[in-house]
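Residues per chain, in single letters:
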Amino acid sequence: MNILVINCGSSSLKYQLINMKNEEVLAKGLVERIGIEGSRIKHDTIGKERYIIEEPMKDHKKALELVLNAIVDEEHGAISSLDEIKAVGHRVVHGGEEFSDSVIINDLVMKALEKNVELAPLHNPPNITGINACKELMPNTPMVAVFDTAFHQTIPAENYIYALPYEYYEKYRIRRYGFHGTSHKYVSQRAAIILDKNIDDLKIVTCHLGNGSSVTAVDGGKSIDTSMGFTPLEGLAMGTRCGDIDPAIIPFIMEKEKMSLEEVNRVLNKESGVLGISGVSSDFRDLDDADEQGNERATLALQVFANDVKKYIASYAALMGGIDVLVFTAGVGENSPSMRERICEGLEFLGISLDKELNNVRGEETIVSDDSSKVKVMVIPTNEELVIARDTNELVNKR
Ligand code: ADP
C-alpha cells in the first residue's frame, strides 16, 4: 500500500507518494506560490513526463485538491484511485515537549499542535493548514504527524537549559528543542547500517548542511545535543540566518538602526548568515564561484561557515568523550567536496582524515575518509520523506 507524505510551507507544498512494499517513490511534486499570483504544481510520476499545472490556488486546500487529482490522473497519475493511499504522513516542525515520537493525528494531537504555534509561529500554522486540508479531502484516511523536534527529545537537561532565569523555562517553555531531527535520525541510523555496527556502540556527529544547517551529537543512537535551539536561528551561520551571536548585539543594532522587533527579526533570519557576510548570495554554489573569482567576502563567508561547523564537531566530540563517525548530509553536505574539505582541515587531532579523491563525490552514500582516519567520515544523502513514510506506515499498521 502507498503512503502520501506531505510537507507544507507557508506558500508551498512538497509531496511524495511512496509504495511501502519496496519503498519506491511513485510520484512526487512541488506546489509553489499558494495564495499568490502564479501558483503552479510541478508533478513527476515515475516513467512519465513532468506534468505542470498552472492555475490559481487560493489556499492549501485548493492546492491539495489539485495534487490529489494529479496523483490519480489517467494520463499523468501514479494510481487509479485515492483508496490506494493507506495513510498520509505530515511533516510537522514543532512538537514541543509533548512529542518524542511520531503520532497518529487525533483531536488531542491537533490541540497540542495549536499550542505549539507560539513556539514555531512561521512553521506550525502551515503544517496545521495542510493537515486540515487533508482531513477535509480524505476524511477516512488516517494521518500521522512526524516532528522535526522529536528525535532531540532525548537531549538531557544540562544540554537543553539556557542560562536564563529558570522561570522562563517553566512559564514559556524556553529551552533548546533542536530541528532537522528526522534527517539526523535517518543519517545516523544509515551510518550504523552501512558500517555494519550496532548504533548503541557509536558516537556520531551528523552535519545537516543546507539552506538551514545544524549539527547533532548522536551518542548510542540518541541525540544528546544539537546546534539549533529554541528556534532554528541558533547554531551555525546559515544561508541567511545569523546563528550564534552575542545577544547584546540585538538591542544595540535596534537602537542604532531604529529598528522594530519585526525588522530585527527579519535581519537576523533573512539578511544574515553567509548572505549577510558575503553580500553575494545565500547559495553556496554562488559563493564557491565568487570565491574562485577572488571575492574576499565570499571566501570569508565560506570560512566562517566551515569554522562554525568545525567548532561544533569538536565540542560534540568533547561532550561524547570521542567521535567514531562524522556524517555530512543535505544540499551542501552532500554536494560540496570543497566545503567538506574546509571543515575537516585541521581536525586530524580528532582522528579525522579525508581522502581527497574519495571526497570528490556528490549526492552518493559513501565513505570519504582515508584508511588512516580513526573517524569514519561519510556522505549520506538524507531522506526525510522516507522516514515520514516509514513512521506513518508503522503506526497505522499498529492501530
Ligand atoms: P533546504 O534547507 O532548503 O532543504 P537543501 O538541503 O536542499 O536546503 O540545501 C540547499 C543548498 O545546498 C543550496 O542553497 C546550495 O547552497 C547548496 N548546494 C546544492 N548543491 C550544491 C553544490 N553542488 N555545491 C555547493 N552547494 C550546493
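Below or above, wherever it landed, is the structure these notes cover. (Residues numbered from 1 in each chain as written. Predicted model: local features only at pLDDT ≥ 70, side-chain atom pairs only at ≥ 80, totals over all residues. Heavy atoms only, no water.)

### Quick notes on the pattern of salt bridges
Pairing between side chains of opposite charge can happen when their charged atoms approach one another.
Part 1 of the reasoning: Summed over all chains, the structure comprises 21 salt bridges.
Part 2 of the reasoning: D219 is paired through a salt bridge with K203; the nearest N and O atoms lie 3.8 Å apart. Of this pair, D219 sits in strand β10 (residues 213-219) while K203 sits in strand β9 (residues 203-209); the two residues are 16 residues apart in sequence, bridging distant segments of the chain.
Part 3 of the reasoning: The class of K203 is partly exposed, set by a relative accessible area of 24%.
Part 4 of the reasoning: The network of salt bridges with common partners includes E98, K115, E118 and R173. (Salt bridge = Lys/Arg side-chain N within 4 Å of Asp/Glu carboxyl O. Helix = DSSP H or I, 4+ residues; strand = E, 2+ residues; numbered from the N terminus. Buried < 20%, exposed > 50% of the residue type's maximum accessible area, 1.4 Å probe, protein only.)

### Quick notes on the sheet that holds strand β13 (residues 366-367)
Part 1 of the reasoning: On the basis of which strands lie adjacent, the open sheet formed by six strands has the order β11-β10-β9-β12-β14-β13 and mixed pairing. At either margin of the open sheet sits one strand with a lone partner, and together these are β11 (222-226) and β13.
Part 2 of the reasoning: Where β9 lies against strand β12 (residues 325-329), five bridges are found, and the strand directions are parallel. Bridge pairing in β12 links T206 to V327. (Pairing = 2+ DSSP bridges.)

### Examining the packing of aromatic side chains
Part 1 of the reasoning: Overall, the coordinates contain seven aromatic pairs when judged by the stated rule.
Part 2 of the reasoning: When the ring of Y177 is compared with that of F230, the centres are 6.4 Å apart and the planes differ by 40 degrees; the resulting orientation is tilted. Placement of the pair is Y177 in the loop between α5 (166-172) and α6 (181-195) and F230 in the loop between β11 and α7 (249-256), with a sequence separation of 53 residues.
Part 3 of the reasoning: Where Y312 meets Y316, the ring centres are 5.6 Å apart and the plane angle is 55 degrees; that geometry is what we call tilted. In this pair, Y312 and Y316 both sit in helix α11 (residues 296-320), four residues apart, roughly one turn of the helix. (Phe/Tyr/Trp six-rings, centres within 6.5 Å; stacked < 30°, edge-to-face > 60°.)

### Digging into the site of the ligand
Part 1 of the reasoning: Surrounding the ligand, one finds G210, N211, G212, D283, F284, R285, A330, G331, V332, N335, S336 and R362.
Part 2 of the reasoning: Backbone polar atom of N335 to a nitrogen atom of the ligand: 3.3 Å apart, as the coordinates give it.
Part 3 of the reasoning: Contact with the protein chains covers 71% of the free accessible surface of the ligand, which is 580 Å².
Part 4 of the reasoning: Mapped onto the shell around the ligand, the elements with two or more residues apiece are α10 (284-292) and α12 (330-335). (Near = heavy atom within 4 Å. Polar contact = N/O pair within 3.5 Å; in protein donor to acceptor, adjacent residues only side chain to side chain. Areas by Shrake-Rupley, 256 points an atom, 1.4 Å probe, with all protein chains shown as cover.)

### Structural notes on helix α8 (residues 261-270)
Side chains three or four residues apart in an α-helix point the same way, a direct result of the helix having 3.6 residues per turn.
Part 1 of the reasoning: Buried within α8 we find V264, V267 and L268. Axial view of α8: buried residues confined to an arc of 90 degrees, hence all on one face. Along α8, exposed side chains directed more than 90 degrees from the buried face belong to E262 and K270.
Part 2 of the reasoning: Where α8 is buried, its residues contact α7. (Arc of directions from axis to C-beta. Contact = heavy atoms within 4.5 Å.)

### So, the layout of surface pockets
Part 1 of the reasoning: In this model, the second largest pocket occupies a volume close to 290 Å³.
Part 2 of the reasoning: If you go around the second largest pocket, you meet 19 residues; those closest to its centre are S100, D101, A150, F151 and K185.
Part 3 of the reasoning: Elements supplying a minimum of two residues to the lining of the second largest pocket: β8 (143-147), α6, β11 and α14 (384-398).
Part 4 of the reasoning: Here the element with the most residues in the lining of the second largest pocket is α6; it accounts for four residues.
Part 5 of the reasoning: Per-class residue counts for the lining of the second largest pocket are six nonpolar, nine polar and four charged.
Part 6 of the reasoning: Counting contributing residues per domain, the lining of the second largest pocket is built from domain 1 (2-147) and domain 2 (197-384), each supplying no fewer than three. (1 Å grid on protein atoms, 1.4 Å probe; cavity = no way out; pocket = protein on both sides within 12 Å on 5 of 7 lines; lining within 4 Å. Points joined across faces, edges and corners; volume = space filled by probe spheres on them. Nonpolar A, V, L, I, M, F, W, Y, C, P; charged D, E, K, R; others polar. Domains from an automatic or database assignment.)

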